[in-house]
Amino acid sequence: MAPPLPRVTYSNIGEDFSGLHAHLDEVLPAVRATILGQARLNLIDGGNDDDGVRYTAFSPIDRDWTLGTFFAASTGAVDRAVAAARSAFASWSRRPWQERIATLRRAAELVEERKYELSAACLFEVGKSRLEAVGEVEETVDLIRYYCDQMEENGGYERPMRRAFPQEATRCVLKPYGVFAVIAPFNFPVALSAAMITGALVGGNTVVYKPSPMAGLTGRLLVDCLIEAGLPAGVLNLICGGGEVGEKLVDHPGLDGVAFTGSHAVGMEIFRKMAAGSYARPVVAEMGGKNPTYVTASADLETAAAGMVRSAFGLSGQKCSAGSTLFVHERVARDFLEALAARTAALQVGDPQRADVFMGPVINRAAAERFERAADSVRQQGHFLTGGEMLSGGVFDKGYYVAPTIAVDLPRDHDLHKTELFLPFLTVRMFTDLGQAIREGNDVPYGLTAGIYTRDEAELQLFLDTAEAGVLYANRASGATTGAWPGIQTFCGWKGSGVTGKGGLGPWYVPQFMREQSQTVMT
Ligand code: UN1
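Residues numbered from 1 in each chain as written. Predicted model: local features only at pLDDT ≥ 70, side-chain atom pairs only at ≥ 80, totals over all residues. Heavy atoms only, no water.

(A) Here's a closer look at the pairing of strand β16 (residues 405–408). Side-chain alternation along β16 places Thr405 and Ala407 on one buried face and Ile406 and Val408 on a second face that is also buried. Bridge count for β16 against strand β17 (residues 425–431) is 3 bridges, and the pairing is parallel. Paired with Thr405 across the two strands is Phe425, which belongs to β17. (Buried < 20%, exposed > 50% of the residue type's maximum accessible area, 1.4 Å probe, protein only. Helix = DSSP H or I, 4+ residues; strand = E, 2+ residues; numbered from the N terminus. Pairing = 2+ DSSP bridges.)

(B) Local environment of helix α3 (residues 97–113). With 17 residues, α3 should cover 24 Å at 1.5 Å per step; its first-to-last C-alpha distance of 24 Å lies within 8% of that length. By the burial criterion, the buried members of α3 are Trp97, Arg100, Ile101, Thr103, Leu104, Ala107, Ala108, Leu110 and Val111. When α3 is viewed along its axis, its buried side chains cluster within an angular range of 165° and face the same direction. (Expected span 1.5 Å × (residues − 1). Arc of directions from axis to C-beta.)

(C) Region of the structure containing the nonpolar core. Phe336 and Leu340 are the most contacted members of the largest nonpolar core, which totals 162 residues. Residues lining this core come from more than one domain, with at least three contributed by each of domain 1 (27–287 + 501–522) and domain 2 (291–485). Once you skip the residues sitting within four places of it in the chain, Leu340 turns out to touch Ala305, Met308, Val309, Leu326, Ile406 and Leu426. (Core = buried A, V, L, I, M, F, W, Y, C linked by side-chain atoms within 4.5 Å. Domains from an automatic or database assignment. Contact = heavy atoms within 4.5 Å.)

(D) View of the domain arrangement of the protein. What the domain assignment reports for the protein is domain 1 (27–287 + 501–522) and domain 2 (291–485). Measuring from the centre of the C-alpha atoms in domain 1 to the corresponding centre in domain 2 gives 31 Å. Each partner contributes residues to the interface: domain 1 has 29 residues there, and domain 2 has 28 residues. Buried surface at the junction of domain 1 and domain 2, summed over both partners, amounts to about 2,400 Å²; 59% is from carbon and sulfur atoms. Counting the surface domain 1 buries against domain 2, the share from its top three residues, Pro60, Ile61 and Arg63, is 22%. Our count for the domain 1 to domain 2 interface comes out at 2 salt bridges. Between Asp64 and Lys398 there is a salt bridge, and its shortest N-O distance comes to 3.2 Å. Applying the counting criterion to the domain 1 and domain 2 interface returns 10 residue pairs in polar contact (both at pLDDT 80 or more). Counting residues per element, the ones that place at least two in the side of domain 1 that touches domain 2 are α1 (18–34), α4 (115–126) and α5 (130–153). Residue composition of the side of domain 1 that touches domain 2, grouped by class: 12 nonpolar, 5 polar and 12 charged. (Buried area = accessible area lost by both parts, 1.4 Å probe. Salt bridge = Lys/Arg side-chain N within 4 Å of Asp/Glu carboxyl O. Polar contact = N/O pair within 3.5 Å; in protein donor to acceptor, adjacent residues only side chain to side chain. Nonpolar A, V, L, I, M, F, W, Y, C, P; charged D, E, K, R; others polar.)

(E) Expanded view of the side chain of Asp256. Secondary-structure assignment places Asp256 in the loop between α8 (243–250) and β11 (257–261). With relative accessibility at 15%, the residue Asp256 sits in the buried group. Side-chain polar atoms of Asp256 contact the side chain of Arg86, separated by 2.6 Å. At a separation of 2.8 Å, a polar atom in the side chain of Asp256 contacts the main-chain amide nitrogen of Val179.

(F) Molecular detail of the site of the ligand. Inspection of the region around the ligand gives Glu139, Asn187, Phe188, Lys319, Cys320, Ser321, Thr482, Gly483, Ala484 and Phe491 as its neighbouring residues. Protein chains bury 98% of the 310 Å² of accessible surface belonging to the ligand in isolation. Tallied by class, the residues present in the shell around the ligand amount to 4 nonpolar, 4 polar and 2 charged. (Near = heavy atom within 4 Å. Areas by Shrake-Rupley, 256 points an atom, 1.4 Å probe, with all protein chains shown as cover.)

(G) The arrangement of the sheet that holds strand β1 (residues 38–39) in detail. Ordered in space as β1-β5-β4, the 3 strands form an open sheet in which the pairing is mixed. The open sheet terminates on both sides in strands that have one partner only, identified here as β1 and β4 (52–58). As paired elements, β1 and strand β5 (residues 66–73) share 2 bridges and run parallel to each other. Its bridge partner lying in β5, Gln38 is registered against Gly68.

(H) The packing of aromatic side chains, seen in detail. A full pass over the atoms with the stated rule returns 14 aromatic pairs. Considering the side-chain rings of Tyr294 and Phe463, the 6.0 Å spacing of their centres and the 65° angle between planes classify their relative orientation as edge-to-face. With Tyr294 in strand β13 (residues 291–295) and Phe463 in helix α14 (residues 457–466), the pair connects residues that are 169 residues apart, well separated along the chain. Taken as a pair, Tyr294 and Phe463 share a single burial class, namely buried. (Phe/Tyr/Trp six-rings, centres within 6.5 Å; stacked < 30°, edge-to-face > 60°.)

(I) Quick look at unusual backbone geometry. With a phi close to 60°, Tyr157 is a non-glycine residue in the positive phi region. With respect to the helices, strands and loops of the structure, Tyr157 is situated in the loop between α5 and β6 (158–160). The exposure class of Tyr157 is buried, given its relative accessible area of 10%. The phi angle at Asn475 is positive, at roughly 60°, despite the residue not being glycine. Along the chain, Asn475 turns up in the loop between β19 (471–474) and β20 (514–522). Since its relative accessible area comes to 38%, Asn475 is described here as partly exposed.

Below, the structure written as structure tokens:
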């Protein structure tokens, strides 16, 4: 038997992936032939459902490839999905948590069995590189298992309390809220959907899940794994569609909470809505970032350049963890920017089916237009170290491809240093005082990730003490600000990047989907 293929964890960049690539050479055409282009229905109360406006989605790699047809759920379908989740809640929530996690663990096994098929679907749907796509599905398997482990390690979040009197026994119990809407983004369509769905389900909630309109295919393939693992009808419902369907869902009075990953603007709107009724309902949200990296005069410049390139341009910069703004010490700026430009020039951009491609397209026309506007403003007020243009010719004319871009010489307070672009677009500022640079890096409404490259203990400590972000990295070649892994790096958005002060991938995630009850019984 052939040895198992190596796992992809975003960080194991030194591995030999040649066997994996050989396998993907076979899987990709097969998936393209069998999985793309089909009608993908919604799933309500265990049944397929086409009640809604039919739409077709195309691959960002090549607009001539149909991903599939989907149904933007009608108002009636949204109502039925919420009602189904509501009626499934009583028995799902009362089921012993051990049974709930057994089902979720079976789902993790199915995701693992289908990992190359899911990765390939993800590659075609989002335009991810091979390793980004496989890494995401591996991350999915680990995070489902990690959340199940958390439930187990915490004994289902039930614990005996102290006794005021010998005759009085008290337990503290975390209980599910009820029906959660799960609204997911396009960029990690499998991992982030699975994270929110699992968090809600292991805690005993039921779910109405809406994937991104750009990611209905992987959304449905993921749901199939969960359903085949044995979730009862109505426990997990799938409705497709864009913002208008999302709005109907969030406005639905039958919801008890919302889990959301996406833009700051939409997340805040959901948060305000969920606080507007007669009582506030929980929102578990992760809402982007403008993540700074600091390269000090003591840094190992090659390590720093390697990590910066991966975080700025991996997945075409379309990660909330992307490293999108750089502070480099004046003394090393010339050498560092030279190393950075050389590594950027060496990146392969193109059709991500190819093994050597690091960066595929951006997701859609809106992203390409955002790129053009940002590039225009650099032309007016700064310069490009590299990039700045849309790519054309060959496959570049089939999708939306842009050059990995590094902007220098912009005014210090320019908007591009502060706005999340969700593009392969890095802005650069120089500094002489690290404390001052960190204050500038902190001066955004976000606080998700931050990175530093330094060999000076005091600089490192200053960064760890003062950087305002939930995920900090130092001296990492595999990613300056990206690459958090379940059970290893928790992923908590500070300030406008989150709302609860607790993050994904870590020990406090699942309890966010539950509320506390104290039960005192006289014995
Ligand atoms: C995101 O950045 O949009 O840390 C999600 C990372 C991955 C993905 C996080 N776990 O880069």
